[in-house]
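Below, each chain spelled out in residue letters.
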Amino acid sequence: MLHRRADQFLIERTKQLRRGLTETPLIPLTDEPCDLVAKLEFCNPAGSTKDRSALWILEQAIGRGEIARDTTVVESSSGNFALALAFYCRMLGISFVPVIDPNCNKATETQLRLLCERVEKVAIRDAADSYLKSRLSRVQELLVDLDSAYWPNQYANPDAREAHYRLTAGELIAQACPLDYLFVGVGTGGTIAGLSHRIKETYPGCVVVAVDTEGSVIFGGPPKKRRIPGIGSSIVPPLCGQALIDHVEIVPEARAVEACGTLVAKYGLYAGGSTGSTYAAVQDYFARHRPGATRPGATRPRVAFIAADRGHAYAQTVYDPMWVQQLRAEAVQPVGVEALAVN
């Protein structure tokens, strides 16, 4: 990576953007077997929890002289991280080329093509019946072809973990008071790595539950075709190895869809697929485990989960009855949730 003198204009602009971020809401969900609260990360400016890591990564890279106004940022993303980078790069006047695949929601792709002069879309599945390795391969080709390029590498960049340690976790602790359980959907690993370390520093007894989807290989499961972006991976992201995880919940995609419907019907929360997966994990975990607080003297556990993105991009998938019918027809295994213990 070529280091140049840091661009003071970009440094000040990223600081202004970060100061402009407001706290995302923490709302209680009633009629649950625990005191459940949802951290609405979809209230960030670009619409997801990826706002945190995108802006922080850009700010740190600019400060180190790795990004200047003539730099092109290139990144592989299933949707949310690309949207966040597209938004903040546009605000900073920096070029951004997202590398996406056919699983990218139509609404997300349309928005990316409005924000970016160039969008790369791969079409070849890899050995895990996914597109991730194909996307990453295309990123490497672009880094060679472009004159001045920067790859955020959200799967391994420690700045992604630091963003959630400082920003997301800092807010959650200030808002939530004591926590007994924290449920976090896992894709690139940055969110759970940052959150788990900060939360356990403050609440050592808090149980951190990682939520993954069937077909993802992150926690050793067999690879298979996945259709809902934003959760799971066909590689094991290095950042996941830095997280402090007590349990893993594996949620089938059909179960995630069902949970999205419950969130809308019960609470009016129009949430994305990864949020549905995380809420399903909360429900099913406590259906199998007697709810109990980890704090002395508490009678009901205080539980938080991350609502990573809104449902608007999923209108033609998760919230489309015909798409859901096809998803269920393709499902090999029956709907249910499998729990894995982490030693």
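Quick notes on the rules
Along each chain, the written sequence defines residue order, and numbers are assigned to residues from 1. Per-residue local features are limited, in this predicted model, to residues with pLDDT of at least 70; the limit for side-chain atom pairs, both in listing and counting, is 80 or more; totals at the level of whole chains, interfaces and linings are taken over all residues. The side-chain values count all of the structure's non-hydrogen atoms but skip hydrogen atoms and water molecules. Within this scheme, the nonpolar core is defined by two criteria: the residues are buried Ala, Val, Leu, Ile, Met, Phe, Trp, Tyr or Cys, and they are joined through side-chain atoms within 4.5 Å. We call a residue buried when its accessible area falls under 20% of the maximum for its residue type, exposed when it is over 50%, and partly exposed in between, using a 1.4 Å probe and counting protein chains only. Secondary structure elements follow DSSP: runs of H or I of four or more residues count as helices, runs of E of two or more count as strands, with numbering from the N terminus. Contacts are assigned to residue pairs that have any heavy atoms within 4.5 Å of one another. Here the axes come from fitting lines to C-alpha atoms, over the contacting stretch only for helices, and the angles between their N-to-C directions go from 0 to 180 degrees. By definition in this entry, angles of less than 35 degrees are roughly parallel, angles greater than 145 are roughly antiparallel, angles of 65 to 115 are roughly perpendicular, and the rest are oblique. Handedness of each helix crossing follows the sense of rotation of the near helix against the far helix: counterclockwise by less than a right angle gives left-handed, clockwise gives right-handed. The classification used treats Ala, Val, Leu, Ile, Met, Phe, Trp, Tyr, Cys and Pro as nonpolar, Asp, Glu, Lys and Arg as charged, and all other residues, Gly among them, as polar. Given the number of residues in a helix, its expected span is that number minus one, multiplied by 1.5 Å. When DSSP finds two or more bridges between a pair of strands, those strands are recorded as paired. In summary, the pairing rule links any two rings of Phe, Tyr or Trp, Trp by its six-membered ring, whose centres are within 6.5 Å, and it sorts them by plane angle into stacked for under 30 degrees, edge-to-face for over 60 and tilted for everything else. In this scheme, Lys NZ or Arg CZ marks a charge over a ring once it lies within 6 Å of the ring centre and within 35 degrees of the ring normal. Salt bridges are identified by distance alone: a Lys or Arg side-chain nitrogen within 4 Å of an Asp or Glu carboxyl oxygen. The definition of a polar contact used here is a pair of N or O atoms within 3.5 Å, where within protein one atom must be able to donate a hydrogen and the other to accept one, and adjacent residues in sequence count solely through side-chain atom pairs. Note that the arc is defined by the directions from the helix axis to the C-beta atoms.

Judged by nonpolar contacts, the single largest core of 32 residues is most densely connected at L58, I67, I94 and F96. Secondary structure elements with two or more residues in this core: α1 (8–20), α2 (50–63), α3 (80–92) and β4 (95–100). With nine residues, α3 is the largest single contributor of residues to this core. Residues within four places of L58 in sequence aside, it is in contact with I67, V73, L85, Y88, C89 and L92. Residues L29, L36, Y279 and F305 belong to the second largest nonpolar core, which totals 27 residues.

Interhelical geometry of helix α8 (residues 253–267) versus helix α10 (residues 321–330) gives an angle of 150° and a closest axis separation of 9 Å. Considering their axes alone, α8 and α10 lie roughly antiparallel with respect to each other. Crossing angle aside, the handedness with which α8 passes α10 is left-handed. Contacts between α8 and α10 involve E253, A254 and V257 from the former and W323, V324, L327 and R328 from the latter. Class assignment of the residues belonging to the contact of α8 with α10 gives a composition of five nonpolar, no polar and two charged.

Owing to its 3.6 residues per turn, the α-helix brings residues three or four apart onto one side. Its 13 residues place the ends of helix α7 (residues 190–202) 19 Å apart at the C-alpha level, agreeing with the 18 Å of an ideal helix rising 1.5 Å per residue. Within α7 the residues assigned to the buried category are G190, T191, I192, A193, G194, L195, S196, I199 and K200. Those residues of α7 that are buried lie in contact with α6 (158–176), β7 (181–185), β8 (207–213) and β10 (302–307).

This part takes up the pairing of strand β9 (residues 247–251). Extensive coverage of β9 is indicated by the burial of four of its five residues. The pairing of β8 with β9 spans five bridges and is classified as parallel. Note that in β9 the partner of D212 across the bridge is I250.

Taken as a whole, this structure holds nine aromatic pairs when the rule is applied. A ring pair is formed by F183 and Y285, whose centres lie 5.6 Å apart and whose planes are at 80°; its orientation type is edge-to-face. With F183 in strand β7 and Y285 in helix α9 (residues 273–288), this pair connects stretches of sequence that are 102 residues apart. Comparing F183 with Y285 shows no difference in burial state: the two are buried. Each ring, one from Y285 and one from F286, has its centre 5.1 Å from the other, and the planes form 85°; the classification is edge-to-face. Relative accessible area serves as the criterion here: at 5%, Y285 is assigned to the buried category. Here the aromatic cluster, defined as three or more aromatic residues joined through ring pairs, consists of Y181, F183, Y285 and F286. Lying over the aromatic face of Y165, R198 brings its terminal NZ or CZ to 5.2 Å of the ring centre.

We now examine the sheet that holds strand β3 (residues 72–76). Pairing within the open sheet is parallel, and its four strands lie in the order β5-β4-β3-β6. A strand with exactly one partner marks an edge of an open sheet, and here the two such strands are β5 (120–121) and β6 (149–150). Across the sheet, helix α5 (residues 132–145) touches β3, β4, β5 and β6, and the angle it forms with β3 is around 160°.

The next point concerns the pattern of salt bridges. All chains considered together, the criterion is met by 22 salt bridges. E32 is paired through a salt bridge with K266; the nearest N and O atoms lie 3.6 Å apart. On the criterion of sequence distance, the pair formed by E32 in the loop between β1 (26–29) and β2 (35–40) and K266 in helix α8 is long-range, its members being 234 residues apart. Among the residues examined, K266 registers a relative accessible area of 39% and is labelled partly exposed. Because the salt bridges share partners, they merge into one network encompassing K39, E41, R52 and E171.

Here E59 is to be found in helix α2. On the basis of relative accessible area, E59 is assigned to the buried category, the value being 9%. Engagement of the side chain of E59 in a polar contact is seen with the side chain of R18, the distance being 2.6 Å. Sequence-distant contacts of E59, defined by excluding residues within four places in its chain, comprise T14, K15 and R18.

The subject of this paragraph is the environment of I199. Within the fold, I199 resides in helix α7. The class for I199 is buried, based on a relative accessible area of 0%. Counting along the chain gives 26 residues from I199 to I173, while the straight-line C-alpha distance between them is 7.2 Å. If sequence neighbours within four positions are ignored, I199 has contacts with L172, I173, L179, L182 and C206.

What follows deals with α10. Along α10, the residues that are buried comprise W323, V324 and L327. With its buried residues spanning 100° around the axis, α10 presents them on a single face. Within α10, the exposed residues directed more than 90 degrees away from the buried face are P321, M322, Q325 and A329. Where α10 is buried, its residues touch α8. Measuring from the side-chain oxygen of the N-cap residue of α10 to the backbone nitrogen of M322 gives 3.1 Å; that N-cap residue is D320.

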